[in-house]
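Chain and residue survey
Each chain is listed here by its residues.
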Amino acid sequence: MTSDVRPDEDGAVTTPAGRRPPGDRVALRGDVRAALPDATAAVVVTVLVFALLWARMQSGASDTVAVMPFMDDPGTYWMYLLSQAFGWSALLWAWGTVVLGLLLSGPRPARLPVSRQVLERWHRTTSLTTTALMSAHALMFAAELVRYETRVDWAERLWVAFADTFVPGWYDSGTGQVAIPIGQGALYLAIPLGLLFYVRHRIGANTWRRLHRFVIVVYVLSVWHTLLYGTNVWYGEWPRTVLWLLQLPVAALLSMRLLRPARRAERLGPRGGGAGRPGWWLRLGGRVAVGAVVVGLVVVVVSGRDGGRDRPTHPPATAPHAQETD
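Notes on the structure follow. What you see is a predicted model; the values in this text were computed from it and never measured.

**Some words on the overall build of the chain**
When its secondary structure is counted, the chain shows 12 helices and two strands. Written out in order from the N terminus, the α and β elements of the chain read β-β-α-α-α-α-α-α-α-α-α-α-α-α. Out of the 326 residues in the chain, the part that is buried amounts to 41%. Counted over contacts in the chain with a minimum sequence separation of 6, partners at least 24 positions apart contribute 71%. Of the roughly 17,400 Å² of accessible surface on the chain, a fraction of 66% belongs to carbon and sulfur atoms.

**What to know about the packing of aromatic side chains**
For the structure on display, the rule yields eight aromatic pairs. When the ring of W159 is compared with that of W170, the centres are 5.3 Å apart and the planes differ by 80°; the resulting orientation is edge-to-face. One end of the pair, W159, is in helix α5 (residues 154–166); the other, W170, is in the loop between α5 and α6 (176–195), and 11 residues separate them in sequence. For W170, a relative accessible area of 41% translates into the label partly exposed. Centroid distance F162 to F166: 5.6 Å. Interplanar angle 35°. Geometry classified as tilted. Of the two residues, F162 and F166 both sit in helix α5, four residues apart, roughly one turn of that helix. Owing to a relative accessible area of 42%, F162 belongs among the partly exposed residues under this scheme. Taking relative accessible area as the criterion, F166 reaches 18% and is therefore assigned buried. Put simply, the rings of W159, F162, F166 and W170 touch in pairs and so form one group of aromatic residues.

Analysis parameters
- Residues numbered from 1 in each chain as written.
- Predicted model: local features only at pLDDT ≥ 70, side-chain atom pairs only at ≥ 80, totals over all residues.
- Heavy atoms only, no water.
- Helix = DSSP H or I, 4+ residues; strand = E, 2+ residues; numbered from the N terminus.
- Buried < 20%, exposed > 50% of the residue type's maximum accessible area, 1.4 Å probe, protein only.
- Contact = heavy atoms within 4.5 Å.
- Areas by Shrake-Rupley, 256 points an atom, 1.4 Å probe, with all protein chains shown as cover.
- Phe/Tyr/Trp six-rings, centres within 6.5 Å; stacked < 30°, edge-to-face > 60°.

Set out below in structure tokens:
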């Protein structure tokens, strides 16, 4: 959505007289240019996270090394560290773009530090940056697997790395058997859902709006992937608790967005006339489910039972998975 395209309360799109909304290619190019400062900030954050992970691994304080002691050499495993850094930046940017989206689609604050058009542009550019960071996270993981598989020729190494990283169900080692397909699902949903905006004049605003709601699924899958596979939050200690805490604002904003949506057509309203419509019950069920999630998050944070593992006295010394052989 550009500053010249404004949805009214019922979702209809109006434009200034005599002007046409820009085409999808122009809008995408413009957003890519607008995303450059945002992407630059993301790269800076990624470099800082990478430096922190490198220093912790070099000092022996890394949780990754606690999980996999053989990874005690950052000079060897720098691509894995970079994959982790991109992953954390991607999760941070995903958190930001989801928060912006919920602010835009929920109750409209009386005062905003910037215009609504600026918030919309930030939402779009952070979405593009998030997708790029997720892709970089996956590509660096694949690159590390190429480096790791030294017992086969280059063609086989490339295939193994590609399949383990991008083919659901192919990776067959430990927690990754579940965590990696979840991460793949997040990436494979993020790409089309993020780009559908630029073709919504072809598929229709209502269709785009219904599909765009699944962006929250991308975020949930990303957090789930991190909790399962992020060795930096593997154990039930403060980093994992902080990750859970960050989900409280998202859940609260989602609750507000469901209880008081900006669009009149999405409001629950009293049961009457069309009380038997499935849509009414689906909206009610969504509100109840999100309310239960908020309560669950509070219980997790207060109780400290966040699914983290106990730090073992003698950590395992196994590699991620056995190397391929001819």
